[in-house]
Structures are given as structure tokens and as C-alpha cells.
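Overview (structure and organization)
Spelled out, the chains give:
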Amino acid sequence: MIAAAFDTGLVAAALPLAAINWHSTFFLLFAVLACVCAIAVVTADNVVRMALYLVLSLGATAGLFFLAGAEFVGAMQLMIYVGGTLVLLVFGVMLTAQAPFVSIKTAPGDRALAGIVGASLLAVLLLSAFSVEEWRKPAAGVVGDPTATPIGMALLGVRVDEPPAGSPAGVRSGYLLPFEIVSVHLLVVLVAAAYLARAKRRKTPRAIEVAASAEPPASVAEHAAIGREPAGRGGSVLVGGPR
Amino acid sequence: MAEFLINTVGLSAWLAWTVTAVVAAVLVLNVIAGGALVFIWAERKIAGRIQDRLGPTRTGGRFGWLQSLADGIKLLAKEDLMPEGADGMLFRLAPYVSFCASFCAFIALPFAFDFIGCRLNVGVFFVVAVLGLEVFGVILAGYASASKWSLFGAMREAAQVVSYEVPLGMCVVVPVMLAGSMDMVTIAEKQAGWFTNWYLFHDPFTFVIFWVYVTCAVASVNRAPFDLAEAESELVAGFHTEYSGLRWSYFFMAEYGSMFLVSAMAAVLFMGGWNGPIPLATLLGLSEGTGDTANYFVRLLGMFNLLGKATLGVLVMMWVRWTLPRLRIDQVMTTCLKYCTPIAAAMFAGAMLWQLFLPGGLAPGLDRPAGEIREGWLEGPGGRAATAPAAEQKKVAQVNR
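Since we're looking at a predicted model, the values are computed, not measured.

With that settled, the discussion passes to the overall build of chain B. Counting its secondary structure elements, chain B contains 15 helices and zero strands. In chain B, which comprises 401 residues, the share counted as buried stands at 46%. Relative to all contacts within chain B whose residues are 6 or more apart in sequence, the contacts with residues 24 or more apart total 75%.

A word on helix H7 (residues 148–179) of chain B. Residues and elements named next belong to chain B. With 32 residues, H7 should reach 46 Å at 1.5 Å per residue; the first-to-last C-alpha distance of 46 Å fits that figure. With 24 of its 32 residues buried, H7 lies for the most part within the structure. In the stretch just after H7, Gly180 is the one whose phi turns positive, near 70 degrees.

Working note: non-glycine residues mostly have negative phi, and peptide bonds are mostly trans. For Asp52(B), which is not a glycine, the phi torsion comes out positive at approximately 65 degrees. Mapped onto the elements, Asp52(B) comes out in the loop between helix H2 (13–50) and helix H3 (67–77).

A few words on the confidence of the model for chain A. Residues and elements named next belong to chain A. Confidence in the prediction of chain A, expressed as mean pLDDT, is 69, and 57% of residues score 70 or more. Scored below 50 in pLDDT, residues 1–16 makes 22 contacts in the model with residues more than four places away or belonging to other chains. Contacts for the low-pLDDT stretch residues 215–243, under 50 throughout, to residues beyond four places or in other chains number 18 contacts.

Moving on, we get to helix H13 (residues 329–357) of chain B. Because each turn of an α-helix spans 3.6 residues, side chains separated by three or four positions in sequence point in the same direction. All names here are of chain B. Taking 1.5 Å per residue, 29 residues should reach 42 Å; H13 reaches 41 Å between its end C-alpha atoms and fits that length. Along H13, the sharpest kink reaches roughly 30 degrees, centred on Cys340 and followed within four residues by the proline Pro342. When H13 is considered as a whole, its buried residues turn out to be Val332, Thr335, Cys336, Cys340, Ala344, Met347, Phe348 and Ala351. In this structure, the buried side of H13 is in contact with H7 and helix H9 (204–220).

Its location among the elements puts Gly174(A) in the loop between helix H6 (149–155) and helix H7 (176–197). For Gly174(A), a count of 18 C-beta atoms within 10 Å corresponds to the partly exposed category.

Residue and element names in this part refer to chain B. Where helix H6 (residues 134–144) contacts H7, the two axes come as close as 7 Å, and the packing angle between them is 155 degrees. Classed by the angle they form, the pair H6 and H7 counts as roughly antiparallel. For the pair H6 and H7, the crossing hand works out as left-handed. Contacts between H6 and H7 involve Val135, Val138, Ile139, Ala141, Gly142 and Tyr143 on the former and, on the latter, Ser150, Leu151, Gly153, Ala154, Glu157, Ala158 and Val161. In the contact of H6 with H7, the residues fall into nine nonpolar, three polar and one charged.

Rules used in this analysis
- Residues numbered from 1 in each chain as written.
- Chains lettered and ligands numbered in written order.
- Predicted model: local features only at pLDDT ≥ 70, side-chain atom pairs only at ≥ 80, totals over all residues.
- Helix = DSSP H or I, 4+ residues; strand = E, 2+ residues; numbered from the N terminus.
- Buried ≥ 20, exposed ≤ 12 C-beta atoms within 10 Å, placed from the backbone.
- Contact = placed C-beta atoms within 7 Å.
- Expected span 1.5 Å × (residues − 1).
- pLDDT = per-residue confidence, 0-100.
- Bend = angle between axes of the 7 residues up to and from the residue.
- Axes fitted to C-alpha atoms, helices over the stretch in contact; angles between N-to-C directions.
- Parallel < 35°, antiparallel > 145°, perpendicular 65-115°, else oblique.
- Left-handed = near helix turned anticlockwise from the far one by under 90°.
- Nonpolar A, V, L, I, M, F, W, Y, C, P; charged D, E, K, R; others polar.

So this is what it looks like as C-alpha cells:
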């Protein structure tokens, strides 16, 4: 499908506007955006810019999913990867906001090594992509009216979709077991993270005293009283425009 | 609309689709921009009244109707400043990122049965996912400004929004579960009729979870008492300290856009969407299929209904903002992790059990079948045969191909 879309996109570029295959055009647009941003991620010096390019690249990939009619996967891509990058970004800012880490320079040797690895991976992917005899195409250009219900049912162990032509008949199981394994795995990770991140309590009485005296003294009521002070909010409204 | 342009006006397909897309985008843009104008005026008036002042009174007559417009002109005329140490590209980009995220989420928001930018099968999920992107612009702004206040504001915002996505997602799942669909149009349609059909009154658990949703929604759009990212009494103006002029106003529009969006989401998920407290259209004898004009009128009525509910939600947010003091960051986190999340989880489990044991509710006659039976894949409990039409099966097969 990728190669086919690429071909039609190239052909369409030479034709007048009315004959443009918009699906391929948008495919090309998103694909180019994803690729350019992916390269920019590794060439950028600044961590926050890297994160920005990463988000753009992942967002363009989500756009490709939407274009292919896989709305659920597209939304999932936005939710997980962009949300994940967000956390990455926060850590990047927190750890590199000081001077020596603001820009990260790559050594020339690393650059060459990364280039070799990347080029060989690209070559393998391209070879395998072009060696496919015939890509399965969607029935009528764009898949119409997709629904996420079969995915949800399959995750609960019930397959409601028809088997693809040529596959052996019989009972097909859903994805209940992998789903549960992943869930338990994530739970273990969460518990471990909570254990590692919790405040360490020392056993010695002296340390407990110190910890107790280090508690923030401001009580809720005190804070509320400060917050209710009319001058803070009212004054800013007068000075700062609509605020 | 595209079909109309192709068949009646005689445009070629690509032009018709482009025109349709542009019209939809412009309409949504106007909801945000026009809404922001009105809401800013309303906010100033409400803030004034709550603080025993009058608010704007001069620009545009007695009630200061034109105050927002005057503000807008002022903002246009302001100098576009950028701090010296700022990261220029990110600084310029950040407001657009925020605004685009807010704008994109509106695409999947239904205003009435057919008044929707793009009807997505996973509409709710899409809106929640895209709404989370808005914080990205805020973090970029905070970082790129090269200012301590901005960075503090952005970090607070990141911590807050990432935390509140968890209970928010759990609240959103409950109506999705009850409707058996993530399609916002379907969810709203299931609540048609009198207000007793709203998911707000579906069972006690949904009633509780609605208020959890309201709390999380206010927190996720950074409104007081959760406006720690701005916190003008501590952080000057938080993440937009260094912004001025039009760029600043993009943040503002994004904020009001998101406020409207989460209110409209609340309306669609819990308060029937365009189905009013009273089924006015049905009482008037108008219903879908009476004719094109009648259909259009019904939808227009529904749109005003939804806009009214969403506006009400925004006004409540303003009321809350000028009533409650700002929380500290630890209080914000406590509210999220120790209250909202467990309550949402318990209510989610409760709603699930309710759906399992009392699917018809306490009143007889309300049959709400589960997803797989409704869509005809499995046999229903009442001996109803699997009535999956061939088209449905084909559709499913097509999806998986």
C-alpha cells in the first residue's frame, strides 16, 4: 500500500489540480512530515526541540493512521506517545535547564556510527518493502465507517470479525491472555515505581524528629485565608486587562 | 453538504469537499473566537459582580458589551515582545500549538445530530487525547521564555494535567460504557427524551461521577481553583509572563476554547447533548424525517440547546473561579490522587455493577442492551436472534482487512 500510494502520489503531482488523488496527497504530506521531523530529532541539539520534533513526527504518524481509517489506533497514538513524550519533555527540561546541558553535541564518531546503523536499517526496510509482490489494498480507496468495537471485543476474548480469506476455519481466540499479561506487567511496574519513589523513612528517632520539624507549617485554613484576600485577585483585574 | 454541492450546484468532487472542509473549519473557528469574545466579557462582568463591583460599563453602552472587542484591538496594537534569552522558534510556536490543540478537539464535537465537523467512531477518546496536547504548548512557552516564573508555571501545569488525565479518563469511560460506544453522536442519541434519560440521572454512581468529572475538567483546563500554571499572585502570570499582544491572546483563546469544550463534553456525556430537559421538538410534533426543513429546524434547536448547556458550564466555572481560593500544588495533587481517582474508580465499578444487575434501571421498560447484542453479533437474552445484517458483517470484515 505504501509503494502504491507513493506511485499514485508521484503521478498525481504532474496532473492538473482536479485530478489529484487527495488521499495520496495527504499521505505524502504526513509521510514527509513524519520523516523530516524524525531526522530533525536526531540532528537537533536542544532537548526540548528534540521533543518537539518527536511530537510532530508522532503526530504525523497519527495522521497517517487517521488517513488509513484506523481512528482508534490514531487516537491511541496521540494519547500514549504524545503524552509519553510530554513526560519525557518535562524530565528533559528539569534535568537540562542548567547551563552545561542546554545543548547536547554529538561526537563526529557517534554521528558516523549512527548514520551507518540508520542507513543499513533503512536499506533492509526498503528492500523488504519493495520485495512484496502485491500489497493488499483497501476495498474502495478509503475504509468506510470503521468502528472500535471489534478491537474491544477481541481484547475481551471474543472475536466478532470474519477471518481473512484463506485462513483455516475454526474457533479463533481473542487477545484476552496477552491483554491480561500486559495489565499485570504494568501493575507490577506501577507498584515498583511507587516503592522506589516513596519517601524513605529512617528508623532512628532523631531522623523522625528532623522530618517532623521539616513539615510545611502552613495549614489549609491559613492558606485559604490568604487566598481569599480580595486585593490579590481584584487588583490584578484592574491592572492586567481582562484578567 | 459535499453531496449537495456535487449533485445540485454541480461542482467537481474535489472542490466540493474542499469547500465543505473550509466551511466546517471556519464555523468551528468562529465558535472559539466568538465564544472567547463573549466569555471574556461575561467573565469580567461576573468577576465584578462577585467582588461587589460593576465590571466594564462604558465601552459599548451601559453593560460594556464591546469591552472584549476593544481589548482585542488593544492587543493587536501591542508590541510583540520576546525576551533576549528566549528560544525564538519555540517561543513563537508555542501559542499556536496550544490553540491548534484546542481547535482540533472541536472537530469531533457534535453540536447537533448532523452538525459535526467529523463524526469519529472514537470521538470521546479523540477529544480527550487532543485536549491533552494543549499542555504541550504551555510547557514549550514556559521553557522558551527563559524566565523562572514561566518555567515554574509550565512545570506545575505539566504535573497537574498529566495527573488529572487519569481520573478524567475514568469519568469519561462511564458514559461510554453505558452507551456502548465512543461515538459522541451515539452517546447523545441514547439520552434522547426527557431529562430523566440523561446519564447524569442514570444511576447514583453516574450522578457522583459527574461531579468528579467537573472537578477534573476544571483542573485539566487550568481554571481556578486549579490555575497554578498562572497563579498571578505568586508567579507574575505563570507560563505567559513573557507574552504580549496577539500571541498572548492565542493562549487566552485556547483557554476559553478548552473551557467551552469540556463543558460541551459534559453536556454530551452526562446531560443529553442536544436533547433538552424537555423534548421540545417532539412536543412540537417535529421529528427526524418529517422533512428537510423540519429536520434542519430540529437540529438548529438542538444546537442552541447544546450551546446553552455548554455556556452554562462555562459560567459555572467562572463562578467557581471567583469564589474559591487557589489550591496549593500539594493540595491539587491530593485532590487528584487521594480523592478524584479512588472515587472515580469506585463509581466506575459501581456503574458497571449497576449495568450488570439492573440494566433497565429501577423503572421497568428502559431496556439498554449491551454492545455486542445491540450491534447484532451475539444472541440477546430475550431469545432475540442475532440479527446481524449482511452489511454490518461486511463492514466489520472490511475494517479488519
